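One letter stands for each residue in the lines below.
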Amino acid sequence: MIVADRKKIPEIRDMIQDYDRILLVGCGTCVTVCLAGGEREVGIIGAALRMALKLSGRQGVTVDEFTIERQCEDAFIDMLAERAEHYDAIISLGCGAGVQTLAERFPGKPVFPGLNTQFIGILESQGVWTEKCAACGNCRIGEYFGICPITRCAKRQLNGPCGGSRGGKCEVSDTVDCAWQLIYDRAKALNKVEILERVALPHDWSTSNDGSVRKVIREDQCIAGMGPKA
Ligand code: SF4
Ligand code: SF4
């Protein structure tokens with residue numbers, strides 16, 4: 001899932017300083033699961049924001065709350081469209097994709113992010129989320145026994161560990177597992193250590209996010225005559 005974190009209330013308060021009727025919009029998907037921008041968090045942030053506005057001397061500002069199932073899909077945004085007309089600005093508690101989808105859908109209305117989108121990851125333990133995938137567009141974890149060295153190795157080493165691996169931990173922090181220790185352990189458990197002796201090819205970064213906007217185009221899913229948006 002996409003993992004996000006809440007922005008601090010003063011930052012959100014300052015973003016809306018020119019607006020009086022604010023709609024705070026939650027998203028019922030990834031950011032609900034990571035406890036950052038679902039209905040519950042909309043309630044918490046809404047209450048905190050109203051309090052912060054009052055304390056800063058701003059009177060007469062309305063902050064209302066609404067949550068839709070998914071902010072990154074037009075069909076769900078339909079449920080918001082009529083309501084949104086009554087507000088000067090929207091604060092989105094969706095991920096970066098959600099914020100931008102709302103901004104495109106409501107071109108005449110300012111849309112502000114209430115979250116900091118962090119990464120694609122998982123819930124590792126109660127209250128701890130960890131990055132697992134950098135969405136490089138060319139997945140090679142089949143070569144690494146299901147562990148991603150691009151995301152989980154600080155140096156993105158594709159051919160074995162650097163010299164800093166100590167006691168199974170990465171040299172950047174003793175709280176971070178060395179990805180190559182994990183890869184080795186898993187190879188050993190699968191009785192495939194010899195596979196690690198091969199030299200891995202350099203990674204093809206042309207599919208990563210270092211250039212322009214990426215698209216996935218599935219011709220078999222496109223409707224004839226309604227090709228992908230430019
Ligand atoms: S190789 Fe690329 S797509 Fe696969 S898990 Fe790693 S970053 Fe994600
Ligand atoms: S210690 Fe391990 S995870 Fe850290 S940079 Fe070196 S090989 Fe990568």
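What you see is a predicted model; the values in this text were computed from it and never measured. (Residues numbered from 1 in each chain as written. Chains lettered and ligands numbered in written order. Predicted model: local features only at pLDDT ≥ 70, side-chain atom pairs only at ≥ 80, totals over all residues.)

A. Summary view of the site of ligand 1. Inspection of the region around ligand 1 gives Cys 133, Ala 134, Ala 135, Cys 136, Cys 139, Arg 140, Ile 141, Cys 148, Ile 150 and Thr 151 as its neighbouring residues. When its residues are assigned to classes, the shell around ligand 1 shows eight nonpolar, one polar and one charged. (Near = placed C-beta within 6 Å. Nonpolar A, V, L, I, M, F, W, Y, C, P; charged D, E, K, R; others polar.)

B. Geometry of the domain arrangement of the chain. As far as domains go, the chain holds domain 1 (2-119) and domain 2 (136-207). Look at where the C-alpha atoms of domain 1 and domain 2 centre, and you get two points 38 Å apart. (Domains from an automatic or database assignment.)

C. Examining the pairing of strand β4 (residues 89-92) more closely. Where strand β2 (residues 21-27) meets β4, four bridges bridge the pair, whose relative direction is parallel. Paired with Leu 24 across the strands is Ile 91, a residue of β4. By the bridge criterion, three bridges tie β4 to strand β5 (residues 111-113) in an arrangement that is parallel. Each residue of the ladder has a partner; that of Ile 90, found in β5, is Val 111. (Pairing = 2+ DSSP bridges. Helix = DSSP H or I, 4+ residues; strand = E, 2+ residues; numbered from the N terminus.)

D. A look at the sheet that holds strand β7 (residues 128-133). Overall, antiparallel pairing links the three strands, which are arranged β1-β6-β7 in an open sheet. What marks the edges here is a single partner per strand, and that holds for β1 (2-6) and β7. In this sheet, neighbouring strand axes are inclined to one another by 70° on average, regardless of whether the strands run parallel or antiparallel. (Axes fitted to C-alpha atoms, helices over the stretch in contact; angles between N-to-C directions.)

E. Main features of unusual backbone geometry. Residue Leu 35 is not a glycine yet carries a positive backbone phi of 60°. Mapped onto the elements of the fold, Leu 35 is located in the loop between α2 (30-33) and α3 (39-55). Residue Ala 135 is not a glycine yet carries a positive backbone phi of 50°. Within the secondary structure, Ala 135 sits in the loop between β7 and α6 (149-152). Given 14 C-beta atoms within a 10 Å radius, Ala 135 is considered partly exposed. (Buried ≥ 20, exposed ≤ 12 C-beta atoms within 10 Å, placed from the backbone.)

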